[in-house]
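# Architecture and fold: a report
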Amino acid sequence: METPDKKQIVIPGEEIATIEEYSPGKNVFQDAGDGLIKSKKVGKLRLDVKTHVAEVESMKTHKNVLTKNEVVYAVVERFEDPIAVLRIIYSESKKTPIVPSVTGILHVANASNSRVRYLSDVFGYGDIVRAYVVEEGGPPFYLSTRGRQFGVIVAKCPKCMSSMRKRGIVLYCPQCGYKTKNKKISLYYLLK
């Protein structure tokens with residue numbers, strides 16, 4: 001049962017309650033730093049005073065809803081350490097483009113099985129990434145590139161923005177000669 005004064009619109013990262021008052025439910029999380037319960041989504045806050053569960057009912061719906069473990073292709077748009085914001089453009093699992101594209105979030109902890117310090121070390125602007133959805137509900141959809149079959153499938157040269165080719169474990173730019181082996185390259189890299 002919820003009381004009318006306990007219903008409001010919240011945004012991602014907004015404080016909802018303390019862990020002493022409520023347990024985190026759907027679309028909320030407990031911040032490890034300060035122990036507060038915060039929203040993951042834009043939506044209506046629902047505080048159940050009987051069960052002491054806080055949750056957020058998402059206001060956004062998308063007709064191309066992505067499901068957990070669905071494999072997608074996404075373009076890296078920007079970095080806001082410790083996350084990268086990607087634009088999801090295709091569902092490999094459903095073999096269909098995502099129109100209009102939706103936002104994906106890749107956290108540094110979900111980038112690789114080995115330790116990654118900064119996402120910008122292993123991904124670049126404009127790179128096309130093969131990833132999978134780790135959590136239902138979105139946008140934004142939370143993605144992961146853990147595993148050898150996930151990662152960059154087309155990389156852009158940071159100097160001239162040409163598509164890079166793969167030679168062994170090295171990516172090189174045929175236009176300007178730039179080389180790198182730091183990228184998280186998928187087994188399915190397209191340009192050889």
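Residues numbered from 1 in each chain as written. Predicted model: local features only at pLDDT ≥ 70, side-chain atom pairs only at ≥ 80, totals over all residues. Heavy atoms only, no water.

### Comments concerning the packing of aromatic side chains
Inclusion rule: A pair of aromatic rings is counted whenever rings of Phe, Tyr or Trp (Trp by its six-membered ring) have centres within 6.5 Å, and the orientation is called stacked for planes under 30 degrees apart, edge-to-face for over 60 and tilted otherwise. Under the DSSP-based scheme used, a helix requires at least four consecutive residues in state H or I and a strand at least two consecutive residues in state E, with every element numbered from the N terminus. Here the term buried applies to any residue with accessible area under 20% of the maximum for its type, exposed to any over 50%, and partly exposed to those in between, with areas from a 1.4 Å probe on protein chains only. The rule for a charge over a ring is simple: NZ of Lys or CZ of Arg within 6 Å of the ring centre, and within 35 degrees of the ring normal.
This model, assessed by the stated rule, comprises three aromatic pairs. With a centroid separation of 5.5 Å and an interplanar angle of 20 degrees, the aromatic rings of Y73 and Y90 are classed as stacked. One end of the pair, Y73, is in strand β8 (residues 71–80); the other, Y90, is in strand β9 (residues 83–91), with 17 residues separating them in the sequence. Relative accessible area serves as the criterion here: at 27%, Y90 is assigned to the partly exposed category. A ring pair is formed by Y132 and F150, whose centres lie 4.9 Å apart and whose planes are at 55 degrees; its orientation type is tilted. Of this pair, Y132 sits in strand β11 (residues 128–135) while F150 sits in the loop between β12 (141–144) and β13 (151–154), placing them 18 residues apart in sequence. With relative accessibility at 8%, the residue F150 sits in the buried group. Against the face of Y142 rests K40, its NZ or CZ located 6.0 Å from the ring centre.

### Some remarks on the environment of G124
Stated formally: By definition, residues are in contact when any of their heavy atoms lie within 4.5 Å.
Assignment of secondary structure puts G124 in the loop between α1 (119–122) and β11. For the pair G124 and V152, spaced 28 residues apart in the sequence, the C-alpha separation amounts to 9.2 Å. When near neighbours in sequence (up to four residues on either side) are disregarded, G124 contacts V76, F79 and K183.

### Focus: a nonpolar patch on the surface
The criterion, for reference: Only residues above 30% relative accessible area that lack a salt bridge enter a patch, with like-charged residues linked at up to 9 Å and the nonpolar side chains Val, Leu, Ile, Met, Phe, Trp and Tyr linked at up to 5 Å. For every accessible area listed, the method is Shrake-Rupley and the probe measures 1.4 Å; residues are considered covered only by the protein chains on display. When a carboxyl oxygen of Asp or Glu lies within 4 Å of a side-chain nitrogen of Lys or Arg, that pair is called a salt bridge.
On the surface, a cluster of nonpolar side chains totalling about 250 Å² of accessible area is made up of I9, I11 and V42. You can see V42 is positioned in the loop between β5 (36–39) and β6 (43–48).

### Looking at the sheet that holds strand β14 (residues 165–167)
Convention followed: By this definition, two strands are paired if DSSP reports at least two bridges between them.
The antiparallel open sheet is built from three strands, whose spatial order is β14-β15-β16. In this open sheet, the two strands that pair with only one neighbour each are β14 and β16 (179–180). Bridge analysis of strand β15 (residues 170–172) against β16 gives two bridges, and the strand direction is antiparallel. Residue pairing across strands places Y172 opposite K179, the latter belonging to β16.

### Re the nonpolar core
Definition in use: Joining through side-chain atoms within 4.5 Å is the link that ties buried Ala, Val, Leu, Ile, Met, Phe, Trp, Tyr and Cys residues into a set, and such a set is a nonpolar core.
Counting residues in hydrophobic clusters, the biggest one holds 30 residues, and the most contacted among them are L66, I88, L119 and F123. Elements that contribute at least two residues to this core include exactly β8, β9, β10 (96–107), α1, β11 and β12. Considering each element in turn, this core owes the most residues, four residues, to β8. Not counting the four nearest positions on each side in its chain, I88 is found in contact with L66, V72, Y73, A74, I98, S101, V102, T103, G104, F141 and L143.

### A short note on the sheet that holds strand β1 (residues 9–10)
Spatially, four strands are ordered β1-β6-β7-β3 in an open sheet, and the strand pairing comes out mixed. This sheet does not close on itself; its edge strands, each paired only once, are β1 and β3 (23–24). Inspection of the sheet shows β1 paired to β6 by two bridges, in the antiparallel sense. What sits directly across from I9, in β6, is K44.

### What to know about the pairing of β8
Note that β8 and β11 share five bridges and pair antiparallel. In the sheet register, Y73 faces β11, and the bridge partner there is R130. With eight bridges connecting them, β8 and β9 associate as antiparallel partners. By the bridge assignment, V72 is partnered in β9 with S91. Connecting β8 to the antiparallel partner β9 that follows it, the hairpin turn spans two residues.

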